[in-house]
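The primary structure of each chain is shown beneath.
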Amino acid sequence: MSINLQITRALEKSKSLVGFVAEGLNGLKIEELPQNRRLKLAMACQHLAIEHSQAIIALVDNKWYGSALALQRPLFDAVVRGVWLRYAATDDEIDKAAEGEFPTLEEMTSRSPKSMNQGDAAPLKVPKDLWWRRLCGYTHGGPEQLLARLDHTGIRANYSQEEILATLRWSDMAQLCAGVQMADAAGNGPLAQTFLDFHDREIDFEEAPG
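In this text, all values refer to a predicted model and were calculated from it rather than measured experimentally. (Residues numbered from 1 in each chain as written. Predicted model: local features only at pLDDT ≥ 70, side-chain atom pairs only at ≥ 80, totals over all residues. Heavy atoms only, no water.)

Q: So what about the overall build of the chain? Which residues, and what values?
A: A count of helices and strands for the chain gives 10 helices and two strands. Helices and strands appear in the chain in the N-to-C order α-α-α-α-α-α-α-α-β-β-α-α. When each of the 210 residues of the chain is scored for burial, the buried share is 48%. In the chain, of all internal contacts separated by at least 6 residues, the share reaching a separation of at least 24 is 71%. For the chain, the exposed surface amounts to about 10400 Å²; the carbon and sulfur share of it is 52%. (Helix = DSSP H or I, 4+ residues; strand = E, 2+ residues; numbered from the N terminus. Buried < 20%, exposed > 50% of the residue type's maximum accessible area, 1.4 Å probe, protein only. Contact = heavy atoms within 4.5 Å. Areas by Shrake-Rupley, 256 points an atom, 1.4 Å probe, with all protein chains shown as cover.)

Next up, the structure:
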């Protein structure tokens, strides 16, 4: 299968997933939201993650691959912060987070044992440990970005198929993780389980970032 065809197929799948998640969340009401500061901040993070996911898809669709890759780290940040705020932050840390002060990502991933509505021990720490350095390189113009633009013909974007496909998987993962969190916060267990089942069936979380 050609590179372009594989990317096209993955892109269409990601676009369909956007519709699937959006349809599930449309009209969803989180009754506790107005009076719960912790939940407000956590859900705002997940809402941001969904927007970043959609932006990655739009960037790939326009072949702006470097910018799509750069969004992977803030996308992961949003998911992690949302999970940490909801399940692990102390009341004092909630106050600090509202002012923009957060612990390190290492601490947040290590202290999020209930993420994605599962009982696993800190599942978000696995992709953090595997991919954090690379995600930072994509975001901050490290060698992951620069070397992909240099070849014997001069300067041009030349990202690998694997990087682009992995970025779309990363977007898919975040869509579903955020969907799980928002559905669960709304008390819609069946919808949260639907998103979680799809995630477990379709997404390799450890390989997602690329």
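Additional details are given in the paragraphs that follow.
Q: Describe the side chain of Thr109, with residues and values.
A: Among the secondary structure elements, Thr109 is positioned in helix α6 (residues 105-110). Looking at Thr109, its side chain comes within polar contact range of the main-chain oxygen of Glu106, at 3.1 Å. (Polar contact = N/O pair within 3.5 Å; in protein donor to acceptor, adjacent residues only side chain to side chain.)

Q: Any chance you could break down helix α7 (residues 125-139) for me, citing the residues and the numbers?
A: Under the 1.5 Å per step criterion, the end-to-end length of α7 is 19 Å for 15 residues, consistent within 8% with the ideal 21 Å. At Trp131, α7 shows its largest bend, some 60 degrees. When we look at burial in α7, the residues that qualify are Pro127, Lys128, Trp131, Trp132, Leu135, Cys136, Gly137 and Tyr138. Turning to α7, the residues buried within the fold contact α3 (65-70), α4 (72-87), α6, α8 (143-146) and α9 (161-185). A positive phi of about 70 degrees marks Gly141, the residue just after α7. (Expected span 1.5 Å × (residues − 1). Bend = angle between axes of the 7 residues up to and from the residue.)

Q: Could you give an account of the packing of aromatic side chains, naming the residues involved and the relevant values?
A: Taken as a whole and judged by the stated rule, the model has four aromatic pairs. Between Phe20 and Phe195, the aromatic rings sit 5.6 Å apart at their centres with planes inclined by 90 degrees, giving edge-to-face as the arrangement. One end of the pair, Phe20, is in helix α1 (residues 3-25); the other, Phe195, is in helix α10 (residues 189-202), and 175 residues separate them in sequence. By relative accessible area, Phe20 is classed as partly exposed at 30%. By relative accessible area, Phe195 is classed as buried at 0%. Ring geometry for Trp84 against Phe102: centres 6.1 Å apart, planes inclined by 55 degrees, an arrangement best described as tilted. A residue pair is termed long-range when its members are at least 10 positions apart, and Trp84 in helix α4 and Phe102 in the loop between α5 (91-98) and α6 qualify at 18 residues. Following the ring pairs from residue to residue traces out a cluster consisting of Phe20, Phe195 and Phe198. (Phe/Tyr/Trp six-rings, centres within 6.5 Å; stacked < 30°, edge-to-face > 60°.)

Q: Give a detailed account of unusual backbone geometry, specifying residues and quantitative values.
A: Its identity is not glycine, yet Lys63 carries a phi of approximately 65 degrees, on the positive side. Looking at where Lys63 falls in the secondary structure, it is placed in the loop between α2 (37-61) and α3. Here Lys63 falls in the exposed class, since its relative accessible area comes to 57%.

Q: Please provide a residue-by-residue account of the pattern of salt bridges, values included.
A: Enumeration according to the criterion identifies 13 salt bridges in this entry. Note that Asp129 and Lys128 form a salt bridge whose closest N and O atoms lie 3.8 Å from each other. Look at Lys128 and you get buried, because its relative accessible area is 13%. Among the ionic pairs, Glu163 bridges to Arg134, the shortest N-O distance being 3.7 Å. In this pair, Glu163 sits in helix α9 while Arg134 sits in helix α7, placing the two residues 29 residues apart along the sequence. (Salt bridge = Lys/Arg side-chain N within 4 Å of Asp/Glu carboxyl O.)

Q: Tell me what's going on with the side chain of Asn36, and back it up with residues and numbers.
A: Here Asn36 lies in the loop between α1 and α2. Given the relative accessible area of 17%, Asn36 is considered buried. In this structure the side chain of Asn36 is engaged in a polar contact, spanning 3.1 Å, whose partner is the backbone nitrogen of Arg38.

Read these as spatial facts, not as claims about activity.
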